[in-house]
2 protein chains.
Amino acid sequence: MPEAILTDLYQLTMAAGYFAAGKVQEKATFELFVRQLPPQRNYLIASGIQQAVAYLESFCFSDEEIAYVRGLPQLRHASPDFFDYLRQLRFTGDVFAVAEGTPIFPGEPILTVRAPIIEAQIPETYLLSMISFQTLVATKASRVVHAAAGRPVVDFGTRRAHSPQAGALAARAAYVGGCVGTSNVLAGMRYGIPVFGTAAHSWTQAFSSEQESFRQLQQLLGEHTVLLIDTYDTLRGARLAASIGRPLWGVRLDSGDLASLSRQVRAILDQAGLQDVKIMASGDLNEYKIQQLVAAQAPVDLFGVGTDLATSLDAPGLSAVYKLVELRTSAGVRFTAKLSDHKATYGAPKQVFRFADHDVIGCSWECLSCGETSEALLRPLMLSGKLVDDSVGDLRRAQERVRKALAKLPAELLSLEVSSRPWPVNLSQELLEINRKIRDSHQGEGA
Amino acid sequence: MPEAILTDLYQLTMAAGYFAAGKVQEKATFELFVRQLPPQRNYLIASGIQQAVAYLESFCFSDEEIAYVRGLPQLRHASPDFFDYLRQLRFTGDVFAVAEGTPIFPGEPILTVRAPIIEAQIPETYLLSMISFQTLVATKASRVVHAAAGRPVVDFGTRRAHSPQAGALAARAAYVGGCVGTSNVLAGMRYGIPVFGTAAHSWTQAFSSEQESFRQLQQLLGEHTVLLIDTYDTLRGARLAASIGRPLWGVRLDSGDLASLSRQVRAILDQAGLQDVKIMASGDLNEYKIQQLVAAQAPVDLFGVGTDLATSLDAPGLSAVYKLVELRTSAGVRFTAKLSDHKATYGAPKQVFRFADHDVIGCSWECLSCGETSEALLRPLMLSGKLVDDSVGDLRRAQERVRKALAKLPAELLSLEVSSRPWPVNLSQELLEINRKIRDSHQGEGA
């Protein structure tokens, strides 16, 4: 899978321009952050850091890619030296990031890249897409898991994800966010996530009778058997499952009124002495419907969530951006910001300090009660192009981090509705002062 | 990129079950279709067929994948022969599909797979995800392009797509739907789509003055130069661009009130004698905002659309399903359907007949005024595992197909709002009769 070329063309025209302007050695610092929370969200769970780093570690252009780029009209005036430069280009910079599974808030850098400007510029597109997608799904998963109030949630979303590849990444992020596993086999193999799944409606249809299909599945799966009982008629399916009996892990409902059906199915199973047989529910579920089922005390033991989870259906877009905040040239250090209406950003490299009841975004060199009362969230992940933190792929630890961090947030931020008291994120005096100066200098220039 | 294993676990447990039940030779027909139109949509544009076929052509499991699957608890009871079978498994079946870019409606098969049951079952997850995602984006693109009323639209969405890989596929589907090109370089290389892009805000920030950044870009890009003028102050940026003058293809606005700013910028450019210099607009655009800008006669010549397009933001999920409709066993042919409440499906392989003012879904062997007055939409794409239609990757033809087909639909279906008169889709008498019999036979069984 070619990846360096998986970028926006303007990254390459800018790269050619930086090269032509003699800026190859200038060191840029870019920060990736979210402008604002998506609808119905009180926090975000940072995710996708592992794939971001893997991309930077293997960053390079193939000859075929360079030949293609060279043939583009926009790069007709670029010098042959630029393409030689591109051919040998690797990522040699530093990366700082919050740990996978950290709750983050608007304006807080999730990831900071400090590298020679071309190396830092080209990855923008890939990093934004990878981190914002997984962050959306990890966040959604944490909401669904919270709504399930202790009942396990499994990701079933690949078939509705935005491409099969997105499905595997969604499975990963859903696990970080608190799901117990996924139906996605590739994600199981690649990320070590538990995989779940037994049979679909087509299985039932493929046999001349529902009864035969149930018996055949039981023969294959033994104690792992989960019978999907709604292919023809849910209650009839439940009675059939009860008559077949053990070994039987559970039954699955995938349509109809799940609150009412789950109660009737529970009664049928209990009457047959199958009190330990579980009921799984799936079918266009999301955190709101699960919260209702839980509130109605529907006897559902396990939830499967698909479309809503893998697409973050109610908030499928994240306003993540990647902004230049510092440039180190032979002339010195310059902090940079964008001053556009509604889209202004703050210059200077930053650190996020998490206190018990608020965050402070300061300059990266500040030390705001470090240690005792606050935690600095951005940690070094790559230095001079080399990974310096082996724990980046530890998803169990990331999942645990989410659980612990959310438990520390005020309960109202865990509500499915938008809280009237958002988590306070303040800016340090030094950061504000630096940005006042940046703004003044540009107003002076324009006057 | 492993792909056969990019599936739901239940496909593999069912495969093991079909194998154990001696059903390997049974030939299944599955149909991929959409249950209902997403919000605000009057039609869907079928897309992703090329990737679906490419997946089936290269379908196979690696030894590593088989070893992983073999170790899963759910497959503990599967026979060693099953894993040998999996190792040699290739797709040898037939595929029928509508042509890429065809408008389709609920219930109409987009793709039909007829193959030995295991070969037909395992691809479900991949096919659903690939086709539904690209269909969503191609549909969204067609709406955006319609709203732009002749002004070109470029896809800028990769950074907000659900993974970088989804971004490349979104670029492809957006082109099918009518966009003139994309910012995604990989999509340009892989699919032959025109690529667009010049510079970001970081380019402007990377120079000590906006003026220097503009001059440097002009030097590199010549007649392709597009100056992004809103980094600090849009009107000041416009005056600067005007003072720099030709060669200059255009300027880009990415923030603020685009209707008002585009008029002021147009006036600044015109006053400087730059009547031919174009204005491009971007920044959280969608079909609704573009329609407003066009209605307000904002002098925008070209639109760049990102998040909304690449995520199909207002309709990010598609209720696509893949259902078993026929099984051929040694005992004969059996048509199958799912009878669940709200999720019932129609059995028997189908064909879609498009007439001038309605569609009829009939059985695949029916001939409903073929030729003269209707077109049969499903055509053979693969036979016995081999591609039989080389035009599947011809995106220009697909784009042209969209344009012509939409021009034939009633104008109200092209509206951005839901039409009160949906396109009529009828079922043939024979199809209805077959399904009455399927339902009767199951009611008899349950009685």
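What you see is a predicted model; the values in this text were computed from it and never measured. (Residues numbered from 1 in each chain as written. Chains lettered and ligands numbered in written order. Predicted model: local features only at pLDDT ≥ 70, side-chain atom pairs only at ≥ 80, totals over all residues.)

1. Brief notes about the overall build of chain A
How we decide: Put simply, DSSP H or I for four residues or longer makes a helix, DSSP E for two residues or longer makes a strand, and each gets a number counted from the N terminus. Neighbour density around each residue's C-beta defines its exposure: 20 or more other C-beta atoms within 10 Å make it buried, 12 or fewer make it exposed, and counts between make it partly exposed, where C-beta atoms are placed from the backbone.
Helices and strands together make up the secondary structure of chain A, namely 16 helices and 19 strands. Viewed in the frame of its principal axes, chain A has a C-alpha envelope of about 80 × 50 × 40 Å. Across the 447 residues of chain A, 57% fall into the buried class.

2. Observations regarding the domain arrangement of chain A
All names here are of chain A. Basically, it comes down to this: For the purposes of this description, domain bounds are those given by an automatic or database domain assignment. In this classification, Asp, Glu, Lys and Arg are treated as charged, Ala, Val, Leu, Ile, Met, Phe, Trp, Tyr, Cys and Pro as nonpolar, and every other residue, Gly included, as polar.
Each assigned domain of chain A is listed with its residue range as follows: domain 1 (9–136 + 315–446) and domain 2 (142–310). Within the residue set of the side of domain 1 that touches domain 2, elements represented by two or more residues are helix 6 (124–147) and helix 15 (395–408). At 6 residues, helix 15 tops the list of elements feeding residues into the side of domain 1 that touches domain 2. Per-class residue counts for the side of domain 1 that touches domain 2 are 8 nonpolar, 5 polar and 2 charged.

3. Overview of the sheet that holds strand 19 (residues 425–427) of chain A
Remark on secondary structure: sheet strands pair via backbone hydrogen bonds, oriented parallel or antiparallel. All names here are of chain A. The following threshold applies: Pairing between strands is defined by DSSP: at least two bridges between the two strands are required.
Read from one edge of the open sheet, 4 strands run 16-14-15-19, paired in mixed fashion. A single partner strand is all that each edge strand has here, and the edge strands are strand 16 (375–376) and strand 19. By the bridge criterion, 2 bridges tie strand 14 (residues 350–354) to strand 16 in an arrangement that is antiparallel. Note that in strand 16 the partner of Phe353 across the bridge is Ala376.

4. Here we look at the sheet that holds strand 6 (residues 153–155) of chain B
All names here are of chain B. One open sheet accounts for 6 strands, arranged 7-6-11-10-9-8; its pairing is parallel. Single-partner strands in this sheet number two, and they are strand 7 (181–182) and strand 8 (226–228). Of the pairings in the sheet, the one linking strand 6 to strand 11 (residues 302–305) comprises 3 bridges and is parallel in character. Within strand 11, the position partnered with Val154 by the bridge is Gly304.

5. Quick look at the relation of the copies chain B and chain A
Rules: Each copy is superposed on the other by least squares, with the fit set by C-alpha atoms of residues at a pLDDT of at least 70 in both. For every residue pair, C-beta atoms are placed from the backbone, and the pair is scored as a contact if these atoms sit within 7 Å.
Screw-axis analysis of chain B against chain A gives a translation of 0.0 Å along the axis, an RMSD of 0.0 Å, and a rotation angle of 180 degrees. These values place the two chain copies in the arrangement generated by a two-fold rotation axis. Of the C-alpha atoms belonging to chain B, the one lying closest to the rotation axis is found on B:His162, 3.0 Å away. Take the interface residues of chain B: 100% of them recur as interface residues in chain A, which is what a same-surface contact looks like.

6. Section: the interface of chain B and chain A
Each side of the interface is counted separately: chain B has 93 residues, and chain A has 94 residues. Broken down by element, the residue count for the side of chain B that touches chain A peaks at 9 residues, all from helix 1 (residues 9–20) of chain B. Considering only residue class, the side of chain B that touches chain A consists of 45 nonpolar, 36 polar and 12 charged.

7. Observations concerning the environment of A:Ser428
Residue and element names in this part refer to chain A. By the element assignment, Ser428 lies in the loop between strand 19 and helix 16 (429–446). Remark: the alpha-carbon pair of Ser428 and Gly362, spanning 66 residues in sequence, is separated by 4.8 Å. In this structure, Ser428 is in contact with Val360, Ile361, Gly362, Cys363, Glu366 and Leu368, ignoring residues within four places of it in sequence.

8. Description of the packing of helix 10 (residues 210–221) of chain A against helix 1 of chain B
Stated formally: Where helices are involved, their axes are fitted lines through C-alpha atoms of the stretch in contact, as for all axes, and angles between N-to-C directions lie from 0 to 180°. By the definition adopted for this analysis, an angle is roughly parallel if under 35 degrees, roughly antiparallel if over 145, roughly perpendicular if from 65 to 115, and oblique otherwise.
Between helix 10 of chain A and helix 1 of chain B, the least distance of the axes is 10 Å, while the angle of their chain directions is 105 degrees. Overall, the two elements helix 10 of chain A and helix 1 of chain B adopt an arrangement that is roughly perpendicular. Seen from helix 10 of chain A, the contacting residues are A:Gln216, A:Leu217, A:Gln219, A:Leu220 and A:Leu221; seen from helix 1 of chain B, they are B:Thr13, B:Ala16, B:Gly17 and B:Ala20. Its residues assigned to classes, the contact of helix 10 of chain A with helix 1 of chain B shows 5 nonpolar, 4 polar and no charged.

9. Some thoughts on the pairing of strand 1 (residues 27–34) of chain A
Consecutive residues of a regular strand have side chains that alternate between opposite faces of the sheet. Residue and element names in this part refer to chain A. By the criterion of burial, strand 1 is predominantly enclosed, with 7 of the 8 residues buried. Pairing between strand 1 and strand 5 (residues 111–116): 6 bridges, direction antiparallel. Residue pairing in the sheet places Thr29 in a bridge with Arg114 of strand 5. The pairing of strand 1 with strand 12 (residues 320–329) spans 8 bridges and is antiparallel. Bridge assignment links Phe33 to a residue of strand 12, and that residue is Val321.

10. A look at helix 13 (residues 287–295) of chain A
All names here are of chain A. Test applied: Throughout, the arc means the angular range of directions from the helix axis out to the C-beta atoms.
Among the residues of helix 13, those classed as buried are Glu287, Ile290 and Leu293. Each buried residue of helix 13 sits inside an arc of 120 degrees when the element is viewed along its axis, so together they form one side. Where helix 13 is buried, its residues meet helix 6, helix 12 (258–271) and strand 11 (302–305). In the segment just after helix 13, Gln297 is the residue with positive phi, at about 55 degrees.

11. Things to note about the packing of helix 2 (residues 49–57) of chain A against helix 6 of chain A
Residues and elements named next belong to chain A. To keep it simple, the criterion reads: A clockwise turn of the near helix away from the far one marks a right-handed crossing, whereas an anticlockwise turn of less than a right angle marks a left-handed crossing.
Taken N-terminus to C-terminus, the directions of helix 2 and helix 6 make an angle of 160 degrees; their axes are 8 Å apart at the nearest point. Between helix 2 and helix 6, the angle falls in the class roughly antiparallel. In this structure, helix 2 crosses over helix 6, and the sense of that crossing is right-handed. Taken together, the residues of helix 6 that come into contact with helix 2 (itself represented by Gln51, Ala52 and Tyr55) are Tyr126, Leu127, Met130 and Ile131. Taken together, the residues of the contact of helix 2 with helix 6 sort by class into 6 nonpolar, 1 polar and no charged.

12. As for the confidence of the model for chain A
This is how it is decided: pLDDT: the predictor's confidence for each residue, scored from 0 to 100.
Confidence in the prediction for chain A averages 95 pLDDT; 98% of positions are at 70 or higher. Complex prediction metrics read pTM 0.97 and ipTM 0.97.

13. Considerations on the environment of B:Gln40
Turning to its location among the elements, B:Gln40 is positioned in the loop between strand 1 (27–34) and strand 2 (44–45). Sequence separation between B:Gln40 and B:Ser58 is 18 residues; the distance between their C-alpha atoms is 37 Å.

14. With respect to the pairing of strand 11 of chain B
Residues and elements named next belong to chain B. Formally: Look down the strands so they point away from you; if the path from the first strand over the helix to the second goes clockwise, the crossover is right-handed.
Every second residue of strand 11 is oriented toward a common face, with Leu302 and Gly304 on one face and Phe303 and Val305 on the other, all of them buried. In terms of strand pairing, strand 10 (residues 278–281) meets strand 11 through 2 bridges, oriented parallel. Residue pairing for strand 11: Met280 is matched across the bridge by Leu302. Crossover connection from strand 10 via helix 13 (residues 287–295) to parallel strand 11: handedness right-handed.

15. Describing unusual backbone geometry
All names here are of chain A. The omega torsion across Arg246 and Pro247 is 0 degrees, close enough to zero to call that bond cis. Checked against the element boundaries, Pro247 lands in the loop between helix 11 (234–244) and strand 9 (250–253). We note that Ala348 has phi near 85 degrees; this positive angle belongs to a residue other than glycine. Along the chain, Ala348 turns up in the loop between strand 13 (332–335) and strand 14. Residue classification places Ala348 among the buried residues on the basis of 24 C-beta atoms within 10 Å.

16. Some points on helix 11 of chain A
Along helix 11 of chain A, the positions that sit buried rather than exposed are A:Thr234, A:Gly237, A:Ala238, A:Leu240, A:Ala241 and A:Ala242. Contacts from the buried residues of helix 11 of chain A go to helix 10, strand 8 (226–228), strand 9 and helix 12 of chain A.

17. Here we look at the environment of B:Glu124
Residues and elements named next belong to chain B. With respect to the helices and strands, Glu124 occurs in helix 6 (residues 124–147). Classification of Glu124 by C-beta neighbours within 10 Å gives buried; the count is 24. Sequence spacing of Glu124 and Leu32 is 92 residues, and the spatial spacing of their C-alpha atoms is 8.5 Å. Look past the residues within four positions of Glu124 in its chain and what remains in contact with it is Gln11, Phe30 and Tyr322.

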